[in-house]
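Examining the three-dimensional arrangement
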Amino acid sequence: MPDNVRSALAKAEAVTDALPWLARHQGRTVVIKLGGHAMVNDDLTAAFARDIVFLRQVGLRPVVVHGGGPQINAELERRGLKREFKGGLRVTSPESMDVVRMVLAGQVQRDLVGLINRYSPLAVGMTGEDANTLTAKRFVPWIDGEPVDVGRVGEITGVDTGALHSLLADGRIPVVSPLARSAEDGLVYNVNADTVAAALATALRAETLVMMTDVAGLCAGWPHSQEVIPRLTACELEKLLPELSDGMVPKMTGCLDAVRGGVGAARVIDGRVPHSVLLEMFTDDGVGTVIVPDPDESEVMPIA
Ligand SMILES: Nc1ncnc2c1ncn2[C@@H]1O[C@H](COP(=O)(O)OP(=O)(O)O)[C@@H](O)[C@H]1O
Ligand SMILES: CC(=O)N[C@@H](CCC(=O)OP(=O)(O)O)C(=O)O
C-alpha cells in the first residue's frame, strides 16, 4: 500500500475510533489547567490551542485556566526581585503581586487567547476578578505543623459562575487567570492556578478536570523514581497527600477537592507530549494519573 494511502487510512481510523468518545463527551464541561511549565515551548502551546478549539468544535465546553510560574519567575528576576516558594505556593509580597498580576493577566493570558483565536475566534480572556468570578481571602497554610506567612496568596471563598456560563452558552472558550479579589480588604490575591482550576471544575460541575504539567503524572517515590501512578481513588490520594512536595501539593489537593466536590475525574497529564489532551479525552490510551471518586459504599456493601 502506498505511504500516502496508509497515512490517510490511519487518520480515518483515528477519527472513527474517537466516535464513541465524542458521543460520550457531547455538551460536557471540561476544565483544563495549562501549567506555566507546559507553556515554555511555543510549538506545544500552539498545538494545545488547536486542540482546545477542536474540543469546542466537536461539542465539548472547555474552560481553560492557565498558570505562569516560570514566566513570573523570569520577570521577578529581570526586576531583581526575590522569588521564594513554601509548600508549592509563591511567597507574594505587595511588590511581587504587581508583577504576578501583570504577567498572568497582561502577558500569559493575552498570548494564550491570541493563539486560540488564531484557529477560531472563540477565546475570551478574564481573571477571577472579572464579574467577581472568584473571591478570596488571605491564605495562611500550615506547613510542618505551623502557620506560615506566604503574603498575598489567596484562598478561594466564593465562585460565581454567571459570567462563565454566559460565555459557554455563547459558544466561547473562557481563558481564566488565577487572580481573585477579597471582599473583606479589597485587595487582589495570587491564587495557585491548580486551586482555581479545581474550584471552577467543582462549581461548574465539570465532567473532567485535566491538569497539564511538565511530568508524566504523579510519580511514586519522587524524586528518586519517575514511576507514574496510573490510577488512584480519592481515599488513596488522601493518604498520599502528606508525602507530596512542591507543586504537586496544590495540584493533588485540587484534584482531591474536585472529585470529592462532584467532578467525574481529575487527570494529571504530560503537557510536553503534543496533543496529550486529545489522547486523554478520545482514546483508551490515556497517559498520566487519573483520580476517581471513591466507590459508592452502597455499591460494594454485600447484600444482607
Ligand atoms: N510525586 C511527584 N510526581 C511528579 N512530580 C512531582 C512530584 N512531587 C513533586 N513534583 C514536582 O512537581 C512539578 C509539577 O508541579 P509545578 O511545578 O507546580 O507544575 P505546573 O507549572 O504544571 O503547575 C514537577 O515538575 C516535579 O518537579
Ligand atoms: C500562589 C501561587 O503560587 N501562585 C502561582 C500562580 C501561577 C501558577 O499557579 O502557575 P503554575 O501553574 O505555572 O505553577 C505563582 O505565583 O506562581
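Predicted, not measured: the structure shown is a model, and the values here were computed from it. (Residues numbered from 1 in each chain as written. Chains lettered and ligands numbered in written order. Predicted model: local features only at pLDDT ≥ 70, side-chain atom pairs only at ≥ 80, totals over all residues. Heavy atoms only, no water.)

**Here we look at the side chain of Glu75**
Stated formally: Secondary structure elements follow DSSP: runs of H or I of four or more residues count as helices, runs of E of two or more count as strands, with numbering from the N terminus. Polar contact is defined as a pair of N or O atoms within 3.5 Å, subject to the rule that within protein one atom must be able to donate a hydrogen and the other to accept it, and that residues adjacent in sequence are counted only when both atoms are side-chain atoms. It only takes one pair of heavy atoms within 4.5 Å for two residues to be counted as in contact.
With respect to the helices and strands, the residue Glu75 is situated in helix α4 (residues 69-78). Here the side chain of Glu75 touches Arg79 through a polar contact of 2.8 Å, side chain to side chain. Discounting residues that sit within four places of it in the chain, Glu75 has contacts with Val99, Met102 and Val103.

**Structural notes on the site of ligand 1**
Using the following cut-off: Proximity criterion: a residue is near a molecule or strand once any of its heavy atoms comes within 4 Å of it. Using a 1.4 Å probe, accessible areas were evaluated by the Shrake-Rupley method; residue-level cover was limited to the displayed protein chains.
The local shell around ligand 1 holds 17 residues, among which Lys33, Thr213, Asp214, Cys219 and Lys251 are the closest. In the environment of ligand 1, an oxygen atom lies 2.7 Å from a nitrogen or oxygen atom belonging to the side chain of Thr213. Residue Lys251 places a side-chain N or O atom 2.7 Å away from an oxygen atom belonging to ligand 1. For ligand 1, whose free accessible area comes to 570 Å², the fraction covered by protein is 85%. Every element with two or more residues in the shell around ligand 1 is listed here: β13 (208-213) and α9 (248-260).

**Some thoughts on the UniProt feature "binding site: substrate" (unreviewed entry) in the protein chain**
For clarity, the cut-off: UniProt positions are given in the numbering used here, feature names are shortened, and annotations may be inferred rather than shown by experiment.
UniProt records the feature "binding site: substrate" (unreviewed entry) for Gly68, Gly69, Arg90 and Asn190 in the present numbering. A maximum C-alpha distance of 11.5 Å places the annotated residues, which cover 123 residues in sequence, within one compact spot. Its place among the elements puts Gly69 in helix α4. Ignoring any residue separated from it by four or fewer positions in sequence, one finds Gly69 in contact with Gly36 and Arg90. Among the structural elements, Arg90 can be located in strand β4 (residues 89-90). Residues within four places of Arg90 in sequence aside, it is in contact with Gly69, Ile72, Asn73, Leu76, Arg83, Glu84, Phe85, Val100, Val150, Val153 and Asn190. Within polar-contact distance, the side chain of Arg90 engages the backbone oxygen of Gly69 at 3.2 Å.

**Let's talk about the site of ligand 2**
The cut-off we apply is this: Asp, Glu, Lys and Arg are counted as charged, while Ala, Val, Leu, Ile, Met, Phe, Trp, Tyr, Cys and Pro are counted as nonpolar; the rest, among them Gly, fall into the polar class.
In the region of ligand 2, 15 residues are neighbours, and Lys33, Gly36, Gly68, Arg90 and Asn190 sit closest. One of the backbone nitrogen or oxygen atoms of Gly69 is found 3.0 Å away from an oxygen atom of ligand 2. Arg90 is positioned such that a nitrogen or oxygen atom in its side chain is 2.6 Å from an oxygen atom of ligand 2. In isolation ligand 2 offers 430 Å² of accessible surface; the protein chains occlude 92% of this area. Of all elements in the fold, only α4 and β4 reach the threshold of two or more residues within the shell around ligand 2. Its residues assigned to classes, the shell around ligand 2 comprises six nonpolar, seven polar and two charged.

**Digging into the UniProt feature "site: Transition state stabilizer" (unreviewed entry) in the protein chain**
Per the UniProt annotation, the sites labelled "site: Transition state stabilizer" (unreviewed entry) are Lys33 and Lys251. In sequence the annotated residues extend across 219 residues, while in space they remain close, none of their C-alpha pairs exceeding 9.9 Å. For Lys33, the location among the structural elements is in strand β1 (residues 29-34). Apart from residues lying up to four places away in sequence, Lys33 is in contact with Val65, Gly67, Ala193, Asp194, Ala197, Val210, Met211, Met212 and Lys251. Looking at the element boundaries, Lys251 is found in helix α9. Not counting the four nearest positions on each side in its chain, Lys251 is found in contact with Lys33, Asp194, Met211, Thr213 and Val268.

**With respect to the pairing of strand β2 (residues 61-66)**
Look at any regular strand and the pattern is simple: side chains alternate between the two faces of the sheet. What counts, and what does not: Only protein chains enter the accessibility calculation, which uses a 1.4 Å probe. A residue is then buried if its area is under 20% of the maximum for its type, exposed if over 50%, and partly exposed in between. At least two bridges found by DSSP between two strands is the condition for calling them paired.
A large share of β2 lies buried, amounting to five of its six residues. Here six bridges tie β1 to β2, and the two strands are oriented parallel to one another. Looking at β2, one finds that Ile32 is bridged to Val64.

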